Amino acid sequence: MPNRKPTFFFFYKALCFLVFTNVALVTSKSTIEPCSNSDSCNALLGYTLYTDLKVAEVASLFQVDPISILTANAIDISYPDVENHILPSQLFLKIPILCSCVDGIRKSVSTHYKTRPQDTLSSIADSVYAGLVSADQIREANSIDDPSVLDVGENLVVPLPCTCFNGTDNGLPAIYLSYVVKPVDTLAGIAASYSTTITDLMNVNAMGSTSIKAGDILAVPLSACASNFPKYASDRGLIVPNGSYAITASHCVQCSCGPGSRSLYCMPASLAVSCSSMQCKSSNLMLGNVTVQQSSAGCNVTSCAYGGYANGTIITWLSSSLQPRCPGPQQFPPLVAPPTYVTRDSVFAPAPAPQYAGATTTVPKTSTVPSTGSFPGLPPAGAPIGSSSNASTLVTSVAALPTALIIYLLIKLISPF
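Computed from a prediction, not measured in an experiment: that's the story for all the values here.

Here is what the cut-offs are and how they apply
Residues numbered from 1 in each chain as written. Predicted model: local features only at pLDDT ≥ 70, side-chain atom pairs only at ≥ 80, totals over all residues. Heavy atoms only, no water. Buried < 20%, exposed > 50% of the residue type's maximum accessible area, 1.4 Å probe, protein only. Helix = DSSP H or I, 4+ residues; strand = E, 2+ residues; numbered from the N terminus. Arc of directions from axis to C-beta. Contact = heavy atoms within 4.5 Å. Pairing = 2+ DSSP bridges. Axes fitted to C-alpha atoms, helices over the stretch in contact; angles between N-to-C directions. Disulfide = S-S within 2.5 Å.

Peer 1: Pulling in residues and values, what's your account of helix H4 (residues 121-128)?
Peer 2: Residues lying three or four places apart along an α-helix face the same way, a consequence of the helix completing one turn every 3.6 residues. Burial in H4 covers these residues: Leu121, Ile124, Ala125 and Val128. Within H4, the buried residues cover an arc of 120° as seen down the axis, which keeps them to one side. Packed against the buried residues of H4 are strand S2 (41-48), helix H2 (55-62), strand S7 (112-114), helix H5 (135-141) and strand S8 (155-157). Two residues or fewer after H4 comes Ala130, characterised by a positive phi angle close to 50°.

Right, dumping it as structure tokens:
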């Protein structure tokens, strides 16, 4: 009888090599934007609730204003006690944050988390913050030597991903959303959901191919309306994603970016209680007012616009222009009621957003992408630098092996010939 020992060990070693080589290659990636100055920008996080939470509780997790979360998601803030409204688990929200330059890369470090009993770095990263940060990143940010020992009540810095890219995308105003890829996602689906293209996503994220994995964090450019306030204004750099709005000037002014618009429109906010004057000087017009007068030469348009907030004063400026035709009525983003449930067929998404984990998608699985001239996995020249975090799993890796190869190896292991 022939000696089968060499054959057995040959295929056993071959299988182990393929499996563990694949494990080493399967890692979650996150787009990193290098920086060299101390400026900051407004950015967004794509966050999926891990459990039912009040609006105020979500805001506390990220140390942001509850109203800013509601307005970023076009939720009507006029509802009674809206900050204590309970949002359902698995709800997808856009969280506005300030993106800074820290240690040469863009990130947000203004979020802190107080540990609770039974917390681990992995549960904080994967569950509480829904994969927006890794356990290793939290450990490094807090110089934790032994991650298995966490004191209850310990205050941890939670570094969160963000990008600025000068607040533009292809030369037009944009704000960037850090989006955690879900198992059902495809690059084509994400591009379609956020009204962009596969090529744009590949360029922004320095991708050599359309391949994405659950847990990857992509920078997604969202069309926006940008402000042009003076440097001394406290809300300088205000940028509002298309289809949403923002509250500024100590909750006195509401600025919106209507559907398909690039122009920021500001008016008194519904929350306004005690605010400085919002009337334009040398005019009877109030902030947001527009008058039009048709003439043989065109349409004379006069408006009272918002110019920023400085030292407790709301800055307004009066402008007049002659336009070929009179503008139509101002288009506002449609507001939604505070959500109370999430269904499999429809996900709360004030602006286009991918479906939540577990939902089905009708987006095609494949797309034709122009060649970037780079090898798969290598960033195109001049593109942002992508990095990898250790998040590989054996199960994912084995699943990625060709089925026919696995079957062939198993047959060879048990075959007497």
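Peer 1: Tell me what's going on with the pairing of strand S11 (residues 172-180), and back it up with residues and numbers.
Peer 2: Within S11, seven of the nine residues are buried, which leaves the element mostly enclosed by the surrounding structure. When S2 meets S11, the two strands line up parallel, connected through two bridges. Bridge pairing links Leu45 to Ser178 in S11. For strand S10 (residues 168-169) and S11, the ladder comprises two bridges, and the chain directions are antiparallel. Counted as the bridge partner of Thr168 is Pro173 from S11. Here S10 folds back onto S11 in antiparallel fashion, the turn holding two residues, of which Asn170 has a positive phi close to 55°. Where S11 meets strand S12 (residues 217-226), seven bridges bridge the pair, whose relative direction is antiparallel. Note on S12: the bridge partner recorded for Val180 is Ile217.

Peer 1: Residues and numbers for the sheet that holds strand S16 (residues 265-268), please.
Peer 2: Spatially, S14-S15-S16 is the arrangement adopted by the three strands of the open sheet, whose pairing is antiparallel. With one partner strand each, in any of the chains shown, strand S14 (244-248) and S16 form the two edges of the open sheet. Sheet twist, expressed as the mean angle between neighbouring strand axes with direction ignored, is 25°. Two elements, strand S15 (residues 253-257) and S16, share four bridges in a ladder whose sense is antiparallel. Considered in S16, the bridge of Ser256 is made with Tyr265.

Peer 1: Just give me the short version of the state of the cysteines, but keep the residues and values in it.
Peer 2: Tallying each qualifying case throughout the model produces eight disulfides. One disulfide bridge connects Cys41 with Cys164, the sulfur atoms lying 2.0 Å from each other. For the disulfide bridge between Cys41 and Cys164, the dihedral angle about the S-S bond is near -90°, and by the sign convention the bridge is left-handed. On the criterion of sequence distance, the pair formed by Cys41 in strand S2 and Cys164 in the loop between strand S9 (160-161) and S10 is long-range, its members being 123 residues apart. Residue classification places Cys41 among the buried residues on the basis of a relative accessible area of 17%. On the accessibility criterion, Cys164 (5% relative accessible area) is buried. Each sulfur of the disulfide joining Cys299 and Cys326 lies 1.9 Å from the other. Judged by the sign of its S-S torsion, about 100°, the bond between Cys299 and Cys326 is right-handed. Taken together, the residues Cys299 in strand S18 (residues 298-310) and Cys326 in the loop between strand S19 (313-323) and strand S20 (385-389) connect sequence positions 27 residues apart. Relative accessible area serves as the criterion here: at 0%, Cys299 is assigned to the buried category.

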